[in-house]
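Coordinate inspection notes
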Amino acid sequence: MITLLLIFFPLLAGLLLLFVKGPQVKNIALGAAILEFVIAIFALSQFHRDATTQFDWNSAWIQSMGISFHVGIDGISMLLVLLTTFLVPVIILTSFKTDYKNPSAFYALILFMQMALVGVFVSLDGFLFYVFWELALIPIYFICLLWGGEDRTRITFKFFVYTLAGSLFMLGGLIYLYLHTSGTHSFNITALYAAGQSLDLVHQGYVFWAMFIAFAIKMPVFPFHTWQPDTYTTAPTQGTMLLSGIMLKMGTFGVIRWLLPLAPLGVEHYANVVIGLSVFGIVYASCIAIVQKDFKRLIAYSSIAHVGLIAAGILSMNAQGLQGAMIQMLSHGVNVVGLFFIVDLIQKRTNTREIQSLGGIRNVNPQFAVLFLIVLLGSVALPLTNGFIGEFLLLNGLFQHNAWMAAFAGLSVILGAVYMLRSYQSTMLGETNAATASFAPLETTEKAVLIIICSAIIVFGVFPKPLTDICSPAVDQLVNNVKMALGK
Amino acid sequence: MKALILLSSLGVIALLAEIFSFKKLLYPIVLLGLITTFVLNMFDWDTNKLYFKMMQFDNYAVAFTAVILVVAFLWFIMAEGFFKEESNLTDHFALVLFALVGAEIMVSYTNMAMLFLGIEILSIPMYILAGSNKTDVSSNEAAFKYLIMGAFATGFLLFGIALVYGATGSFDLSEIAAAVSGGTALSSIFYVGVLLMLVGMAFKVSAAPFHFWAPDVYQGAPTVVTAFMATIVKTAAFAAFLRLFSTTFSGVSETWMQTVWVMAALTLLVGNITAVMQTSTKRMLAYSSVAHAGYMLLALLAANNYSNSAILYYASAYSIGSIATFAIVNIISDAKNSDGVNAFNGLSKTNPMLAIVMTIALLSLAGIPPTAGFFAKYFIFTSAFMAGNVGLVLIAIIASLIGVYYYFRLIIAMYFKESDGQTIAVQSNHKIVLVIIAIAIVALGLFPDYIIRLL
């Protein structure tokens with residue numbers, strides 16, 4: 001029941017919001033998002049920290065095709081639901097000082113998006129998963145199209161077609177598995193698991209690629225990333241935050257929940273190819289990030305590097321790698337939202353995102369510089385920040401799989417420090433120039449957002465255990481199931 | 001059968017209206033008559049009545065008739081303007097009603113003579129209606145082209161029927177089916193006959209390479225008539241096509257399977273790729289209608305237990321989405337004297353309601369969840385997958401991606417381009433129907449089971 005509430009509350013709130021006019025829209029949207037977060041916290045308080053799926057809801061939907069509305073929350077889903085419900089109010093809060101035209105539609109779309117995202121994370125039916133997966137695309141497409149920056153038509157369209165193409169491959173894979181379920185065909189997750197695991201290597205390979213391409217485009221993993229920098233740069237700040245903070249996790253979540261157990265042989269067989277691509281992507285994206293002049297674009301590329309490490313960790317298929325991926329998904333979500341918000345603040349105050357034309361903001365606004373530094377340290381994975389645990393576990397997992405790959409992936413830590421610290425240096429330190437001289441102090445809501453994010457970075461950097469406790473039983477069980485399917 | 005009789009009498013009443021001068025009342029009479037027809041039609045559910053071995057009102061026929069009647073009802077409301085013209089009012093009513101009679105015969109025949117009659121009863125009014133804009137050259141051209149090409153196709157069909165009759169000695173579908181599966185070798189003219197009938201039917205559903213008439217006719221004909229052709233005529237033609245090939249000729253499927261495979265692939269690619277290049281929305285929708293025929297051919301080709309329900313669902317989803325798009329194109333082109341994509345610029349600012357309904361309809365035609373169009377494609381792909389047509393499904397997936405391109409061009413124009421600031425006045429009954437259609441598109445998508453379970 002509570003799962004249904006989590007899915008449908010944002011939908012209802014969004015629909016109501018469409019009929020609200022005037023300045024109250026922001027507050028109502030924020031209120032709804034906070035209420036959703038409270039529901040998620042309530043779910044967390046009722047959540048038993050074991051590997052079972054809880055708050056299960058299963059009702060028939062399209063009976064003749066074996067499709068049911070089956071949702072439930074296990075440890076892995078719980079963490080991502082928490083991430084989604086935590087970030088959406090933060091994202092709404094970041095928009096408080098921005099005046100978008102037609103705000104009721106804007107916030108309604110964000111809430112619709114939240115509904116689809118929660119749906120993706122709690123679906124236990126392959127078809128339902130696909131529907132939510134596609135559903136998430138429509139609000140974000142319109143958010144980017146209607147409120148985006150220059151040249152948005154072409155870029156958002158490329159993004160849409162790219163992800164849709166990936167999804168259709170996934171649909172093909174799911175239908176293929178569906179037709180291989182025993183007895184009356186069904187899209188139930190366990191039936192699909194069994195069907196996938198009963199296939200031989202060649203056919204699991206097909207399933208693997210059909211599904212992996214969809215997830216790889218969403219994350220995005222090299223070489224499926226070409227839509228991402230443009231889209232992140234052009235989208236309105238809140239759209240970029242939704243894309244990078246939460247939507248990206250749909251891809252990594254998809255790999256964990258669906259790809260690993262559906263085609264374990266295929267994953268094992270192609271793991272090195274994919275890890276190789278991811279690790280190459282890490283180094284490649286980091287190098288491009290170093291030479292970026294546009295700060296927003298730099299963060300977009302850094303996001304490719306981070307997600308590449310997550311993908312590599314997941315594909316190494318051991319408990320450390322997966323656990324690290326879960327933690328890093330949360331950390332990256334929080335940090336990247338913080339970074340994009342900082343870019344947004346700088347751009348609004350100086351009308352530029354060019355790193356070179358900024359400088360000396362610390363002299364004008366030291367408070368902002370400190371908050372930025374904390375977010376940045378979280379992002380470069382300094383110990384005692386939230387980024388560290390995830391990155392450490394991921395590298396550890398990858399090392400167990402292949403030491404060389406881990407060594408190359410480890411470059412991301414160094415390169416990450418290079419581009420992040422350099423951009424900090426040239427924006428915050430040095431001489432104050434004309435653009436930054438009148439850098440206005442932070443408004444209350446802006447300060448609130450940064451403080452929330454910074455506290456999350458530090459608190460979960462120092463005490464990660466409450467988070468790892470939620471997901472580790474489910475992760476262990478998943479790893480064991482996959483190992484069993486592989487006959488190890 | 002009662003539904004068919006009522007529908008025919010409605011047509012006659014429409015003609016009498018001219019003589020007894022109750023033209024003003026005709027519109028409500030027809031709407032009421034359609035509702036009654038729908039109810040009468042539903043009484044035939046599960047009865048499987050066979051009439052003189054000519055027509056059988058099995059659930060297949062009843063379901064398709066129901067879809068046709070619902071779409072026709074919506075069409076009548078959207079096409080109200082078409083029935084305002086004083087001089088031809090009764091003709092228009094009578095022709096459309098007789099076309100509906102033809103459509104109902106086409107979905108319920110069990111005899112090839114009835115198939116032929118149904119197609120002709122449907123087609124002849126359409127030839128006239130396509131040219132109903134008498135002062136417009138392109139409307140005349142459309143009518144002329146449609147007539148000439150349609151006559152050719154009918155000739156093929158008739159010749160095919162004659163050859164099949166020659167080989168089996170019967171017009172009756174079940175007797176032909178018995179002869180096919182009887183084990184005795186069939187004369188070679190039978191196979192020629194089957195292929196000639198295939199050509200005739202492919203013309204009617206506008207499958208490539210027999211689709212060349214469709215864009216010109218769709219563009220030239222008055223928009224309301226185009227909407228009728230793209231929805232009701234297409235649904236009826238597909239139902240007739242499927243009825244014939246999935247049962248009677250399924251025993252000789254190896255004769256036509258390969259041909260239909262190539263036709264389906266061609267239709268998908270030609271329809272979608274050509275649609276991309278169109279600047280006129282009407283012409284674009286015409287090519288998209290060709291493309292949709294390609295998807296339905298996939299289910300025809302699969303010929304398994306899912307085919308019937310997949311095509312029924314696809315036809316309903318497609319028809320309902322098309323009615324909405326054509327209605328809006330009609331409203332826009334009336335107001336702006338242009339049916340180009342540019343006419344839609346900035347519609348979201350001047351008429352947000354129209355823009356939202358159009359968006360939902362286009363998303364459905366493009367096959368994006370949770371709209372009906374997505375499930376329609378999904379069921380088609382699944383049935384094709386089951387039949388092992390993986391290659392064709394891949395082509396269809398690529399084709400739907402191309403489809404997204406041109407449907408989204410309209411969406412982008414509506415939301416992104418600057419408008420000329422002129423708000424278009426929309427009649428309130430049109431508004432209500434458009435909103436109902438939009439809700440129906442989503443509702444069909446959320447609860448597809450109610451239609452899928454029917455057959």
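Just so we're clear, the structure is a prediction, and the values are computed from it rather than from any experiment. (Residues numbered from 1 in each chain as written. Chains lettered and ligands numbered in written order. Predicted model: local features only at pLDDT ≥ 70, side-chain atom pairs only at ≥ 80, totals over all residues.)

1. Re the overall build of chain A
Rules: Each helix corresponds to a stretch of at least 4 residues labelled H or I by DSSP, and each strand to a stretch of at least 2 residues labelled E; elements are numbered beginning at the N terminus. In this setup the radius of gyration rests on C-alpha atoms only. A globule is expected at 2.2 Å times the number of residues raised to 0.38. Buried, partly exposed and exposed are defined by the number of other C-beta atoms within 10 Å of a residue's own C-beta, namely 20 or more, between the two limits, and 12 or fewer respectively, with C-beta atoms placed from the backbone.
Regarding its fold elements, chain A presents 21 helices and two strands. Over its C-alpha trace chain A gives a radius of gyration of 21 Å, about what one expects of a compact globule, namely 23 Å for 488 residues. When each of the 488 residues of chain A is scored for burial, the buried share is 62%.

2. What to know about the overall build of chain B
Let me state the cut-off plainly: Placing C-beta atoms from the backbone, we regard two residues as in contact once those atoms come within 7 Å.
Broken down by element type, chain B carries 19 helices and two strands. Relative to a compact globule of 455 residues, whose C-alpha radius of gyration would be 23 Å, chain B shows 21 Å and is just as compact. Dimensions of chain B, computed from the C-alpha atoms along their principal axes, are close to 70 × 55 × 40 Å. A buried classification covers 58% of the 455 residues belonging to chain B. Pairs at least 24 apart in sequence give 80% of the contacts found in chain B among residues at least 6 apart.

3. Concerning the nonpolar core
Residues and elements named next belong to chain B. Our working definition: Among buried residues, those of type Ala, Val, Leu, Ile, Met, Phe, Trp, Tyr and Cys that are joined through C-beta atoms within 7 Å form a set called a nonpolar core.
Counting 384 residues, the largest nonpolar core has M106, L298 and Y314 as its most contacted members. Looking at this core, the element that brings in the most residues is helix α13 (residues 305-336), giving 18 residues. The residues contacting Y314, other than those within four sequence positions of it, are Y295, M296, A299, A376 and I380.

4. Quick look at the packing of helix α6 (residues 137-147) of chain A against helix α11 (residues 237-262) of chain A
All names here are of chain A. Rule in force here: To obtain an axis, a line is fitted to C-alpha atoms, over the contacting stretch when the element is a helix, and the angle between two such axes runs from 0 to 180 degrees between their N-to-C directions. Oblique is the label for every angle not falling under 35 degrees (roughly parallel), over 145 degrees (roughly antiparallel), or within 65 to 115 degrees (roughly perpendicular). Crossings are classed by handedness, with left-handed meaning an anticlockwise turn of the near helix from the far one by less than a right angle and right-handed meaning a clockwise turn. Here the term charged refers only to Asp, Glu, Lys and Arg, the term nonpolar to Ala, Val, Leu, Ile, Met, Phe, Trp, Tyr, Cys and Pro, and the term polar to all other amino acids, Gly among them.
Two elements in contact, α6 and α11, have axes whose closest approach is 9 Å; the angle formed by their N-to-C orientations is 155°. Comparing the axis directions of α6 and α11 gives the class roughly antiparallel. Crossing of α6 over α11 shows left-handed handedness. Contacts from I140, I143, C144 and W147 in α6 reach G239, L242, L243 and M247 in α11. When grouped by side-chain class, the residues that make up the contact of α6 with α11 number seven nonpolar, one polar and no charged.

5. Some points on the packing of helix α1 (residues 2-20) of chain B against helix α4 (residues 89-108) of chain B
All names here are of chain B. Here α1 crosses α4 at 165°, and the two axes come no closer than 8 Å. Considering the angle they form, α1 stands roughly antiparallel to α4. As for the relative orientation of α1 and α4, their crossing is left-handed in sense. Where α1 approaches α4, its residues A3, L4, L7, S8, L10, G11, A14, L15, A17 and E18 are matched on the opposing element by T90, F93, A94, L97, F98, L100, V101 and E104. Here the contact of α1 with α4 is composed, by residue class, of 13 nonpolar, three polar and two charged.

6. Describing the confidence of the model for chain B
Interpretation of the predicted coordinates at a detailed level should be avoided for regions scoring low in pLDDT. Residue and element names in this part refer to chain B. Let me state the cut-off plainly: Across the chain, each position has a pLDDT score giving the predictor's confidence in that residue, from 0 to 100.
Looking at chain B, the pLDDT average stands at 90 and 100% of residues meet or exceed 70. For chain B, helix α19 (residues 449-452) is the element with the lowest average pLDDT, namely 85, and helix α5 (residues 112-130) is the one with the highest, namely 94. Prediction confidence for the complex, expressed as pTM and ipTM, is 0.90 and 0.85 respectively.

7. Thoughts on helix α7 (residues 173-181) of chain B
Residue and element names in this part refer to chain B. As a reminder of what qualifies: By construction, the arc corresponds to the directions joining the helix axis to the C-beta atoms.
All buried positions along α7 are accounted for by L173, I176, A179 and V180. Relative to the axis of α7, the buried residues are bounded by an arc of 125° and lie together on one face. Against the buried residues of α7 lie α6 (137-168). Directly after α7, the chain includes G183, whose backbone phi takes a positive value near 100°.

8. Structural notes on the interface of chain B and chain A
Contacts between the two partners involve 19 residues from chain B, matched on the other side by 20 residues from chain A. Every element with two or more residues in the side of chain B that touches chain A is listed here: α16 (372-386), α17 (390-416) and α19 of chain B. A per-element tally of the side of chain B that touches chain A places α17(B) first, with eight residues. For the side of chain B that touches chain A, the class distribution of residues is 16 nonpolar, one polar and two charged.

9. Quick word on the environment of A:I458
Residue and element names in this part refer to chain A. Structurally, the position occupied by I458 is in helix α20 (residues 444-462). Looking at I458, the number of C-beta atoms within 10 Å reads 16, which means it is partly exposed. Spatially, the C-alpha atoms of I458 and L442 are 21 Å apart, while their sequence positions differ by 16 residues. Setting aside its immediate chain neighbours within four residues, I458 contacts I374 and T385.

10. Looking at α6(A)
With eleven of eleven residues buried, α6(A) is to be regarded as a mostly interior element. Of the positions making up α6(A), those classed as buried are A:L137, A:I138, A:P139, A:I140, A:Y141, A:F142, A:I143, A:C144, A:L145, A:L146 and A:W147. Looking at the buried side of α6(A), the elements it contacts are α4 (103-122), α5 (126-135), α7 (152-178), α10 (228-234) and α11 of chain A together with α17 of chain B.

11. Notes on the environment of A:V20
Residue and element names in this part refer to chain A. As for its placement among the helices and strands, V20 is situated in the loop between α1 (2-17) and α2 (24-46). Spatially, the C-alpha atoms of V20 and M65 are 39 Å apart, while their sequence positions differ by 45 residues. Setting aside its immediate chain neighbours within four residues, V20 contacts V25, I28 and S104.

12. Observations concerning unusual backbone geometry
Glycine aside, residues mostly have negative phi, and peptide bonds are mostly found in the trans state. Looking along the chain, the bond that leaves A:M219 and enters A:P220 is cis, with omega of -5°. Relative to the assigned elements, A:P220 resides in the loop between α9 (201-218) and α10. A cis amide bond links B:A208 to the next residue, B:P209, at an omega of 0°. Tracing the backbone shows B:P209 in the loop between α8 (188-204) and α9 (213-220). Look at A:A381: it is not a glycine, yet its phi comes out positive at around 65°. The residue A:A381 is located in the loop between α16 (366-379) and α17 (386-401) in this model.

13. Topic: the environment of A:G149
All names here are of chain A. Among the secondary structure elements, G149 is positioned in the loop between α6 and α7. Judged by C-beta crowding, with 13 C-beta atoms within 10 Å, G149 ranks as partly exposed. Along the sequence, G149 and P236 sit 87 residues apart, while their C-alpha atoms lie 6.8 Å from each other.

14. What about the pairing of strand β1 (residues 54-62) of chain A?
Each regular strand displays side chains that alternate between the two surfaces of the sheet. All names here are of chain A. Operational definition: Pairing between strands is defined by DSSP: at least two bridges between them are needed.
In terms of strand pairing, β1 meets strand β2 (residues 67-73) through six bridges, oriented antiparallel. Note that in β2 the partner of Q54 across the bridge is I73. The hairpin turn running from β1 into β2, its antiparallel successor, is four residues long, and G66 in that turn takes a positive phi close to 65°.

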